[in-house]
Amino acid sequence: MRGQFPELEYGYEVRTLDLGKDLFIAYRDEGAKEGEVLLFIHGLMSYIPAWDKVIPELSKIYRCIAIDLPGYGKSSGGEHPGTISFYVDALERFIRGLNCGRLNLVGHSMGGQISISTALRHPGLIKSLTLLAPAGFETFSFLDNLLIKKYSSVKMILEANKEQIEQSWGGNFYRMTEDVKKMVADTFLMKTLPGFRDYAQVVYNSALGLIKDPVFNSLKNLKCPTLILFGKNDYMIPNKYIHKSLTTEEVARKGAAEIKNSRLVLLEQCGHFIQFEKPEEVIKEIVEFFLEKKR
């Protein structure tokens, strides 16, 4: 089966794991072969390179595995339903296929909500959670959901021009730097490739999947240690069109308060793409989190 975008160049070895049901997951696997295993889950419209600024350092201490979710990057191509249940099922099969025992999930944005749902549904597989600007802390009413559906579409993704793509990427950062250009260029490239129409449908499905399967009311049921990181200048959470008066800090503290064994860190001068904008701080907090777990 063809990957969604096999033409993309990551600059390092990418392996694949067959999940059955005509699905496979592409992944980067680096670092220590013993000790803690960290599994990195990217966000909406993202891919493995989202973690390129933290894996080189963290892999000196831990085994670091970053995946492309089905429908993204080099993983299974075609249209996928994009529901949280679909991703949780794929992630469970991937984790069992690795045969490395219980591991630690590190999820960004949509990947955070997928990580939360995986820990809730398969607690025996997950040792801890690290959530970077996770989706799922912000809650939406029925009317909110209707508005989101009204103002989003596959057509918008397909027809986005260069300026709109650059603006979309810029919205992820407090201050976008030169090293983001590779990911922006990859987005331009994807628009020219055969898999882009299917990818656009997957992205749209994924966005709807987040609001169809909320996790906020289940956060209190999480049992594993949880580290939560938010940028104080996140322009993506909360949704600025739906919740104009709500702040990122309010969303972060409300969600963290629901998780018993959690620690919240708010980063100054930092937007939504935390691991790319503040990699040193993310690395520091993750290392300290695991050191604290050992005590």
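Residues numbered from 1 in each chain as written. Predicted model: local features only at pLDDT ≥ 70, side-chain atom pairs only at ≥ 80, totals over all residues. Heavy atoms only, no water.

Caption draft 1: The arrangement of the packing of helix α6 (residues 162-170) against helix α7 (residues 181-191) in detail. Following both chains from N to C, one finds α6 and α7 inclined at 140°, their axes separated by 10 Å at the closest point. As summarised for this structure, α6 and α7 are arranged oblique, according to the angle between their axes. Viewed along their axes, α6 and α7 form a crossing whose handedness is right-handed. In contact with K162, I165, E166 and W169 of α6, α7 contributes M183, V184, T187, F188 and K191. In the contact of α6 with α7, the residues fall into five nonpolar, one polar and three charged. (Axes fitted to C-alpha atoms, helices over the stretch in contact; angles between N-to-C directions. Helix = DSSP H or I, 4+ residues; strand = E, 2+ residues; numbered from the N terminus. Parallel < 35°, antiparallel > 145°, perpendicular 65-115°, else oblique. Left-handed = near helix turned anticlockwise from the far one by under 90°. Contact = heavy atoms within 4.5 Å. Nonpolar A, V, L, I, M, F, W, Y, C, P; charged D, E, K, R; others polar.)

Caption draft 2: Inspection of the packing of aromatic side chains at higher detail. According to the stated counting rule, one finds 14 aromatic pairs in the structure shown. Taking the centre distance of 5.8 Å and the plane angle of 75° together, the rings of F273 and F276 count as edge-to-face. The same class applies to F273 and to F276, which are both buried. Here K53 stacks its cationic end above the ring of F276, 4.9 Å away from the centre of that ring. Looking at K74, its charged tip hangs above the ring of Y10, at a distance of 5.0 Å from the centre. (Phe/Tyr/Trp six-rings, centres within 6.5 Å; stacked < 30°, edge-to-face > 60°. Buried < 20%, exposed > 50% of the residue type's maximum accessible area, 1.4 Å probe, protein only. Lys NZ or Arg CZ within 6 Å of the ring centre and 35° of its normal.)

Caption draft 3: Just unusual backbone geometry, in detail. Residue I237 is joined to P238 through a cis peptide bond whose omega torsion reads 0°. In this fold, P238 is placed in the loop between β7 (226-231) and α9 (248-258). Of note in the backbone geometry, A133 takes a positive phi value of approximately 45° without being a glycine. Mapped onto the elements of the fold, A133 is located in the loop between β6 (126-132) and α4 (142-150).

Caption draft 4: Spatial organisation of α9. Looking at α9, one finds that the buried residues are T248, V251, A252, G255 and A256. For α9, the angular spread of the buried residues around the axis is 120°, confining them to a single face. In this structure, the buried residues of α9 make contact with β7 and β8 (262-267). (Arc of directions from axis to C-beta.)

Caption draft 5: Examining the pattern of salt bridges more closely. This model, assessed by the stated rule, comprises 20 salt bridges. The shortest N-O distance in the salt bridge between K232 and E268 comes to 2.7 Å. Pair noted here: K232 is in the loop between β7 and α9 and E268 is in the loop between β8 and α10 (274-277), with a separation of 36 residues, a long-range link. Of the residues examined, K232 reaches a relative accessible area of 36% and is grouped as partly exposed. (Salt bridge = Lys/Arg side-chain N within 4 Å of Asp/Glu carboxyl O.)

Caption draft 6: Fine view of the side chain of Q275. Tracing the backbone through its elements, the reader meets Q275 in helix α10. In this view, Q275 contacts A50, W51, K53, V54, H108, L132 and V282; residues no more than four positions away in its chain are not counted.

Caption draft 7: Quick look at a nonpolar patch on the surface. On the surface, F142, L143, L146, L147 and Y151 cluster together to form a nonpolar patch covering roughly 550 Å² of accessible area. Secondary-structure assignment places L146 in helix α4. (Patch = residues over 30% accessible without salt bridge, like charges linked within 9 Å, V, L, I, M, F, W, Y side chains within 5 Å. Areas by Shrake-Rupley, 256 points an atom, 1.4 Å probe, with all protein chains shown as cover.)

Caption draft 8: Representation of empty space enclosed by the protein. All chains considered together, the criterion is met by one cavity of 30 Å³ or more. Taken as a whole, the largest cavity holds about 50 Å³ of empty space. Together, M45, S46, Y47, Y72, G73, W169, M183, T187, M190 and Y199 line the largest cavity. Here the lining of the largest cavity gets three residues from one element, more than from any other, and that element is α7. (1 Å grid on protein atoms, 1.4 Å probe; cavity = no way out; pocket = protein on both sides within 12 Å on 5 of 7 lines; lining within 4 Å. Points joined across faces, edges and corners; volume = space filled by probe spheres on them.)

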